[in-house]
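Residue strings, one per chain:
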Amino acid sequence: MSRVRFLLAFAAALAALWVAPLVLPIGDYTHNIVGLTFMFMAAALAWNWLGGYVGQISFGHAAMFGVGGFVAARIMLSSGLPFSVAWLLGGLAAGLFGLLWGHPTLRLRGPYFSIATIGVGEATRLVATYWSDFTGGSSGLSLPLAGNPTKYQLYWYGLYLLGGAVLISYGLARSRIGLGLSAIKEDVEAAGDLGVNPTLYQDIVLFLSGTMVGVCGGFYASYQAFIDPQDMFSFDRSIGLILMAVIGGIGTVLGPVWGAIVFVIIQEFLLANYSELYLGLYGALLILIILFEPLGLTGLVRRLHRLAIPVRRAT
Amino acid sequence: MNRSTVFVGVTVLLLTGCVPSKDTDDDSANTAIPDKIVIGSTLPLTGTESKTGGRFKQGYELAVEVENADGGIDLGGKKVPVQLNLLDDTTDQAKAVNLAQRLITQDKVNFFLGTYSTAVVEAQSTVAEQNQIPYVNGGGAATSIYAKGFKWVFGTLAPVANLANTEMQWIDQQQAAGALPKPARVAIVWENTSHGKDFRKGVQDFTAAHSSGYQVVTDESFALDGKDFSAILSKVRGAKADLLMIDAHLPDFITMQRQYLSSAMCTKVLTYGARGTESDARTALGAEGVNYILSAVWWNKQLGNAGLNKEFVDKFKAKYGTDPEWYQALGYEAARSLFTAIAQAGTVDKEQVRAKLSALTMDSILPGGKLSYPADKGGQADYPFVVQQNLPDGTSPIIYPADVANGKGVAPNPACKG
């Protein structure tokens, strides 16, 4: 898709989603869940910048999500700054925290890097659990209901987060940095020989990814109005981000967006309507997608597109 | 990125200042008599707290069945049946919040019965407060839940600090009788949650008030859902504690007690707070593995063989074929108190039912015989605990307070050598 077509489609989708709750009879529950899903889409896209574009599969992104959430919550509780500023500062703290562990560990490749990120995620969770003065320990932190955006308003903030994440995804993929990341993904040493600085490029991407995931953590803190380390830093959260990217299409610009829809909305639907069967149904759905479509939903859409519109052959 | 990308990005940023808002839906003033009263609820039916969640479900469902047996709740002379809309929150805070949101805003339930375990109740109760719907829970004991100034949240579990204090009162009696050393060396081991902090405070307050009788030699916390407690137990062993005062949820209790037994530890008094009498613990640890464990609970079936208690136990046994534990009793009482408040209000109007819950004083199966949600406690019930001890004959009699005791406790633990 050309740049102009992409940007037009993006602007149209953003405008449609912006207006939709005001003109369509969407219930409060659906409205809120969609808002939360926007946030997860943004977080999954951010994970994809590192996991998909660079091929460095991180099992530790919950650490940045948690750091962003707790820093934002502490700022909201103690400083009186607007929540949006708190989210941003939480995101920056998470990005810097990502650099702190990422700069040395990104020299590792493949499974070695992934194992290191598991250690980072679990260590951060334990430190946060015992750092009661900052995180409240297992008791967590409660945010005041007053001064926080309502769940109704968070729909639009979630949409803005998603919009920002899509633009960065698209920009990264098409930029010089994106080409460098592709080169690093294919062969890090060859990329270095061609003048790409793998350390710098990976640091930049991890910082961007950590910052965006951290901002999402701040959003989540406002949405829940109560956070605790077991939830924010849980290994399941990191796995969730990976699954969203895998389901939607790892390494693609928009794949994680479709993956988040399956991961959050279908899960919520199954849980609410088939609570005794949801784990089985959900597991079967994931197995089917991963087994039959390695490029996830993006691959499926591409296949259907090819079937519907056969490639015109030069005559 | 080229200029058009930057342009769209700047547009998005500008838009961020523009977010529609909405007036709160005011559907609380609903005085019409409905065909049925729908109670929303979530419980952890899968996940780490699934066993306990299943027990609360039994309590909720029994209360609904009993209420519907004679037609339902009396609203202005008309009997209206109760329907329970119960979903599985999988012991997950986010799911508990989202499902509560769904039940309240989409399914339009009239009232809400809360979930189990402090952290999940703490997260979910904010939804009830935001949506201004009466929320009664039997699964959140930590005082932090009720210290936020929430008006719509009510808790049936008395504070955990009371639990620790009641256990210490029994221990103090044994010490006065010469059965335990003076001063006794106390190890406090608490889960790092609001629940655990309340327990620790209860022990600390008591030992501080009786400083000549007790010396705290270990004060350690652990994270919920732990797998290895050997380091903490080693510290307790090294400190030569006489009294090991632990607060833990059921999964951690079973894991920790297994490690306590396998390391051949033996303290003169051992408690895990409210845990110890559960059938799951006997199954997992064996009958000998739970001998002489002291516990203080919010309810016990031995509290009385008459009146409301007998009625509850008989109905429970008839429905489920087994004896109820405190979990089911607390679920049952949480639901019953909500039904009582609805009947007193004579309407499903949320504000009127909330006011009735605030002013409620009803006969109860709980210790003390009365249940209320005092405003000065933030809506948390406040009543005495009963102390039990597991004995080698497989019984767990109530040993304290004396007015309800039906057995005699043993201290020090006779299994300890030397």
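Residues numbered from 1 in each chain as written. Chains lettered and ligands numbered in written order. Predicted model: local features only at pLDDT ≥ 70, side-chain atom pairs only at ≥ 80, totals over all residues. Heavy atoms only, no water.

Going by an unreviewed UniProt entry, chain B carries the name Amino acid ABC transporter substrate-binding protein and comes from Paractinoplanes durhamensis. For the record of chain B, the UniProt heading Sequence similarities (unreviewed entry) holds the text "Belongs to the leucine-binding protein family." (UniProt positions renumbered as here; feature names shortened; annotations may be inferred.)

Going by the annotation in an unreviewed UniProt entry, the name recorded for chain A is Branched-chain amino acid ABC transporter permease, with Paractinoplanes durhamensis given as the source organism. Per UniProt, chain A carries the Subcellular location (unreviewed entry) text "Cell membrane".

Novice: Provide a residue-level description of the UniProt feature "domain: Leucine-binding protein" (unreviewed entry) in chain B, including the pertinent values.
Specialist: Taking the numbering used here, the UniProt-annotated feature "domain: Leucine-binding protein" (unreviewed entry) corresponds to residues 37–387 of chain B. When the span residues 37–387 of chain B is considered, its composition is 44% helix and 19% strand, and the gap between its end C-alpha atoms is 37 Å. (Helix = DSSP H or I, 4+ residues; strand = E, 2+ residues; numbered from the N terminus.)

Novice: Provide a residue-level description of the domain arrangement of chain B, including the pertinent values.
Specialist: Residue and element names in this part refer to chain B. On domain assignment, one finds that chain B holds domain 1 (37–158 + 304–377) and domain 2 (161–295 + 386–400). Inter-centroid distance (C-alpha atoms) of domain 1 to domain 2 is 29 Å. Contact residues are listed per partner, giving 17 residues for domain 1 and 13 residues for domain 2. One can count 1 salt bridge joining domain 1 with domain 2. Of the charged contacts, one joins Asp-280 and Arg-55 as a salt bridge, the two residues approaching to 2.4 Å between their closest N and O atoms. Counting the contacts that link domain 1 with domain 2 gives 5 residue pairs in polar contact (both at pLDDT 80 or more). (Domains from an automatic or database assignment. Contact = heavy atoms within 4.5 Å. Salt bridge = Lys/Arg side-chain N within 4 Å of Asp/Glu carboxyl O. Polar contact = N/O pair within 3.5 Å; in protein donor to acceptor, adjacent residues only side chain to side chain.)

Novice: Account for the pairing of strand 1 (residues 37–43) of chain B, naming residues and giving values.
Specialist: Residues and elements named next belong to chain B. Among the 7 residues of strand 1, 7 are classified as buried, and the element is accordingly described as predominantly covered. The two faces of strand 1 match: Ile-37, Ile-39, Ser-41 and Leu-43 on one face and Val-38, Gly-40 and Thr-42 on the other face are all buried. Note that strand 1 and strand 5 (residues 111–113) share 3 bridges and pair parallel. Looking across to strand 5, one finds that Ser-41 is bridged to Leu-113. (Buried < 20%, exposed > 50% of the residue type's maximum accessible area, 1.4 Å probe, protein only. Pairing = 2+ DSSP bridges.)

Novice: So what's going on with a nonpolar patch on the surface? Residues and values would help.
Specialist: Where nonpolar side chains cluster on the molecular surface, the patch consists of A:Val19, A:Leu22, A:Val23, A:Leu24 and A:Ile26 and spans about 410 Å² of accessible area. Considering the arrangement of structural elements, one finds A:Leu24 in the loop between helix 1 (3–23) and helix 2 (28–54). (Patch = residues over 30% accessible without salt bridge, like charges linked within 9 Å, V, L, I, M, F, W, Y side chains within 5 Å. Areas by Shrake-Rupley, 256 points an atom, 1.4 Å probe, with all protein chains shown as cover.)

Novice: Tell me about the UniProt feature "transmembrane region" (unreviewed entry) in chain A, residues and numbers included.
Specialist: Residues and elements named next belong to chain A. Sequence positions flagged by UniProt for "transmembrane region" (unreviewed entry) are, in local numbering, residues 31–50, 57–77, 83–102, 154–173, 204–227, 239–266 and 278–301. The span residues 31–50 shows a helical share of 100% and a strand share of 0%, and its end C-alpha atoms are spaced 30 Å apart. Secondary structure across residues 83–102 divides into 100% helix and 0% strand, with the first and last C-alpha atoms of the span separated by 28 Å.

Novice: With reference to specific residues and values, describe the interface of chain B and chain A.
Specialist: Taken together, the 44 residues of chain B in the interface contact 44 residues of chain A. Approximately 4,000 Å² of surface area, both sides summed, lies buried where chain B meets chain A, with 60% of it carried by carbon and sulfur atoms. Counting across the interface, chain B meets chain A through 0 salt bridges. Our enumeration of links across chain B and chain A arrives at 8 residue pairs in polar contact (both at pLDDT 80 or more). With 10 residues, helix 3 (residues 93–106) of chain B is the largest single contributor of residues to the side of chain B that touches chain A. Taken together, the residues of the side of chain B that touches chain A sort by class into 17 nonpolar, 18 polar and 9 charged. (Buried area = accessible area lost by both parts, 1.4 Å probe. Nonpolar A, V, L, I, M, F, W, Y, C, P; charged D, E, K, R; others polar.)

Novice: Could you give me a rundown of the side chain of B:Glu167, with the residues and numbers involved?
Specialist: Residues and elements named next belong to chain B. Take Glu-167: it is sitting in helix 5 (residues 160–176). It turns out Glu-167 is buried and unbridged, and the closest side chain with the opposite charge, Arg-275, is 9.8 Å from it. Aside from chain neighbours lying at most four places away, what touches Glu-167 is Phe-199, Met-245, Thr-271, Gly-273, Leu-294, Ser-295, Ala-296 and Val-387. (Lys, Arg positive; Asp, Glu negative; His and termini not counted.)

Novice: Which residues make up the sheet that holds strand 12 (residues 293–297) of chain B, and what are the values?
Specialist: Residues and elements named next belong to chain B. Pairing is mixed in the open sheet, where 7 strands are placed in the order 9-8-10-11-12-15-16. In this open sheet, the two edge strands, each paired with only one partner strand, are strand 9 (214–222) and strand 16 (398–400). Strand-to-strand twist of the sheet, defined as the mean angle between neighbouring strand axes without regard to direction, takes the value 25°. Sheet topology note: the strand 12/strand 15 (residues 386–389) ladder contains 4 bridges and is antiparallel. Residue Leu-294 lies in a different strand from strand 15, and its bridge partner there is Gln-389. Across the face of the sheet, helix 6 (residues 194–209) comes into contact with strand 8 (184–191), strand 9 and strand 10 (243–247) while running at roughly 165° to strand 8. (Axes fitted to C-alpha atoms, helices over the stretch in contact; angles between N-to-C directions.)

Novice: Now, about the packing of aromatic side chains: what can you tell me, with residues and values included?
Specialist: In the structure shown here, the tally under the stated rule is 30 aromatic pairs over all chains. Ring plane angle 55° and centroid distance 4.7 Å describe the contact between B:Phe253 and B:Tyr272, whose orientation is recorded as tilted. Placement of the pair is B:Phe253 in helix 8 (residues 250–262) and B:Tyr272 in the loop between strand 11 (269–271) and helix 9 (279–285), with a sequence separation of 19 residues. The same class applies to B:Phe253 and to B:Tyr272, which are both buried. Among the aromatic residues, those joined into a cluster by ring pairs are B:Phe56, B:Tyr60, B:Tyr116, B:Trp298, B:Trp326, B:Tyr327 and B:Phe385. One cation-aromatic arrangement involves A:Lys151 over A:Tyr223; the distance from NZ or CZ to the ring centre is 5.0 Å. The lysine or arginine in question, B:Arg354, covers the ring of B:Trp152, its NZ or CZ lying 5.5 Å from the ring centre. (Phe/Tyr/Trp six-rings, centres within 6.5 Å; stacked < 30°, edge-to-face > 60°. Lys NZ or Arg CZ within 6 Å of the ring centre and 35° of its normal.)

Novice: How would you summarise the packing of helix 7 (residues 151–174) of chain A against helix 10 (residues 198–224) of chain A if you had to cite specific residues and measurements?
Specialist: Residue and element names in this part refer to chain A. Here helix 7 crosses helix 10 at 170°, and the two axes come no closer than 11 Å. Accordingly, the angle class assigned to the pair helix 7 and helix 10 is roughly antiparallel. Of the residues in helix 10, those in contact with Lys-151, Leu-154, Tyr-157, Gly-158, Leu-161, Gly-164, Ala-165, Ile-168 and Leu-172 of helix 7 are Leu-208, Met-212, Val-215, Cys-216, Phe-219, Ser-222 and Tyr-223. Class assignment of the residues belonging to the contact of helix 7 with helix 10 gives a composition of 12 nonpolar, 3 polar and 1 charged. (Parallel < 35°, antiparallel > 145°, perpendicular 65-115°, else oblique.)

Novice: Tell me about helix 5 of chain B, and name the residues and values.
Specialist: Residues and elements named next belong to chain B. Between its first and last C-alpha, helix 5 extends 25 Å over 17 residues, near the 24 Å set by a 1.5 Å rise per residue. Within the span of helix 5, buried status applies to Val-160, Leu-163, Ala-164, Thr-166, Glu-167, Met-168, Trp-170, Ile-171, Gln-174 and Gln-175. Gly-178 sits one or two residues past helix 5 and shows a positive phi near 85°. (Expected span 1.5 Å × (residues − 1).)

Novice: Tell me about the nonpolar core, and please be specific about residues and values.
Specialist: Counting 113 residues, the largest nonpolar core has A:Met39, A:Trp87, A:Phe219 and A:Tyr220 as its most contacted members. The greatest single-element share of this core, amounting to 15 residues, is contributed by helix 2 of chain A. Other than its neighbours up to four places away in sequence, A:Trp87 contacts A:Ala72, A:Met76, A:Pro149, A:Leu154, A:Tyr157, A:Val215, A:Gly218, A:Phe219 and A:Ser222. Counting residues in each nonpolar core, the second largest holds 103 residues, with B:Phe56, B:Ile188, B:Tyr214 and B:Ala345 among its members. (Core = buried A, V, L, I, M, F, W, Y, C linked by side-chain atoms within 4.5 Å.)

Novice: Explain the pattern of salt bridges to me, using residue names and the numbers behind them.
Specialist: All names here are of chain B. Applying the stated criterion across every chain yields a total of 23 salt bridges over all chains. When the shortest N-O distance is used, the salt bridge between Asp-70 and Lys-79 registers 3.5 Å. Given the relative accessible area of 39%, Lys-79 is considered partly exposed. The shortest N-O distance in the salt bridge between Asp-219 and Arg-200 comes to 2.7 Å. With Asp-219 in strand 9 and Arg-200 in helix 6, this residue pair connects regions lying 19 residues apart in the sequence. Judged by relative accessible area, Arg-200 falls into the partly exposed class, the value being 26%. It is possible to trace a salt-bridge network through shared partners that takes in Arg-55, Asp-280 and Glu-325.

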